[in-house]
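A structural walkthrough
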Amino acid sequence: MRMVMIVLALILISCKKEIEPKPAVKTVDSVKVVVKDSTPKYDTSIVYTSNESERFVFKFKLDSTGESVSTIFIMNTADSSLFQEIIPDTNWMWYAKEHCHWVIKIEDMNFDGEKDFRICNGDDGTGGNSGWQCWLYDIQKTQFVKEQTLSSLCIHTIDSLKKEVTTFVRGGGGIYRQESYKFIDKEFQLVSKKSFEITGEGALLVHKRIINGKMKTILSTIVPA
């Protein structure tokens, strides 16, 4: 009888192990996301890895609301050791499960051959403009350093061919603005501006560019309505 009870107990234990829920794993574009739910929310770990950057794994600790990143842990992929811990200098680092594929971008933003990263800072201003907090990998310091200029902009594209970072802002009243920046002398400098504005006569298109150190208008035209 005792042997039968032991066998039944072993069967129950093995069944329990089989039905234990596993952490949700899903892949969106090139980003693998592992979500571990726990209580309270500020213990939740969101882990991001990218096919483009196998050197590091990014882990985010959320605040008590579960909607904002409070700490960024950058881990070495090789041995899972902590490479760098970053506490953002902003109270709002946006996080949303349904948009996990673009919450973080891992890419070379200053075109030095090293992968940098940026994290969505939510909607900045009118028209759903997306702001970003940006960190560049400093080869000499061997760590990620906050990039203040880009962190104040609404980045739209990173053009590796032109080596330009382009921003896009949609304002009220049918106004759209685009700016392009280049990494010159260890800082991002504005090199061109484009604007599109709806007027009573039609659409006013203006393109300005830095020429010989000065911003000059190279195109200004109205497209009739």
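Keep in mind that what you see is a predicted model, and the values were worked out from it rather than measured.

Quick look at the layout of surface pockets
Considered as a void within the structure, the largest pocket measures approximately 330 Å³ in volume. As for the largest pocket, its lining consists of 13 residues, of which Asn-110, Leu-136, Asp-138, Phe-183 and Lys-186 are closest to the centre. Put simply, the parts of the chain that give the lining of the largest pocket at least two residues each are strand 9 (130-138) and strand 10 (143-146). Of the residues forming the lining of the largest pocket, the biggest block, 3 residues, is contributed by strand 9. Broken down by class, the residue content of the lining of the largest pocket amounts to 5 nonpolar, 2 polar and 6 charged.

Concerning the confidence of the model for the protein
Across the protein, the average pLDDT comes to 74, with 66% of residues at or above 70. Here strand 1 (residues 24-28) stands out as the element of the protein with the lowest mean pLDDT, 36, in contrast to strand 10, whose mean of 94 is the highest. Taken together, the stretch residues 1-44 has pLDDT below 50 and engages in 54 contacts with residues farther than four places along the chain or on a different chain.

A few points about the side chain of Thr-71
Along the chain, the position of Thr-71 falls in strand 5 (residues 69-76). Taking relative accessible area as the criterion, Thr-71 reaches 10% and is therefore assigned buried. Excluding anything up to four places from it in sequence, Thr-71 contacts Lys-59, Phe-60, Lys-61, Glu-85, Ile-86, Ile-87 and Pro-88.

Here's the deal with the pairing of strand 13 (residues 175-184)
The sheet contact formed by strand 12 (residues 164-171) and strand 13 spans 7 bridges and is antiparallel. Residue pairing in the sheet places Val-165 in a bridge with Tyr-181 of strand 13. The hairpin turn running from strand 12 into strand 13, its antiparallel successor, is 3 residues long, and Gly-173 in that turn takes a positive phi close to 70°. Where strand 13 and strand 14 (residues 187-198) come together, 10 bridges link them in antiparallel fashion. Counterpart to Ile-175 in the pairing with strand 14 is Glu-197. Where strand 13 folds back on strand 14, the antiparallel hairpin that results is connected by 2 residues, among which Asp-185 adopts a positive phi of roughly 50°.

Observations regarding unusual backbone geometry
One non-glycine residue, Phe-111, lies in the positive phi region at around 60°. Examined against the element boundaries, Phe-111 turns out to sit in the loop between strand 7 (104-107) and strand 8 (116-123). A relative accessible area of 18% means that Phe-111 is categorised as buried. Phi angles above zero are rare outside glycine, and Lys-163 is one such case at about 55°. Tracing the backbone through its elements, the reader meets Lys-163 in the loop between strand 11 (155-159) and strand 12.

Comments concerning the sheet that holds strand 12
Pairing is antiparallel in the open sheet, where 6 strands are placed in the order 11-12-13-14-15-16. A single partner strand is all that each edge strand has here, and the edge strands are strand 11 and strand 16 (214-224). Strand-to-strand, the axes of this sheet are offset by a mean angle of 20°, without reference to chain direction. Sheet analysis places strand 15 (residues 202-211) next to strand 16, joined by 10 bridges and oriented antiparallel. Bridge pairing links Val-206 to Ser-220 in strand 16.

Reading the values: rules and limits
Residues numbered from 1 in each chain as written. Predicted model: local features only at pLDDT ≥ 70, side-chain atom pairs only at ≥ 80, totals over all residues. Heavy atoms only, no water. 1 Å grid on protein atoms, 1.4 Å probe; cavity = no way out; pocket = protein on both sides within 12 Å on 5 of 7 lines; lining within 4 Å. Points joined across faces, edges and corners; volume = space filled by probe spheres on them. Helix = DSSP H or I, 4+ residues; strand = E, 2+ residues; numbered from the N terminus. Nonpolar A, V, L, I, M, F, W, Y, C, P; charged D, E, K, R; others polar. pLDDT = per-residue confidence, 0-100. Contact = heavy atoms within 4.5 Å. Buried < 20%, exposed > 50% of the residue type's maximum accessible area, 1.4 Å probe, protein only. Pairing = 2+ DSSP bridges. Axes fitted to C-alpha atoms, helices over the stretch in contact; angles between N-to-C directions.

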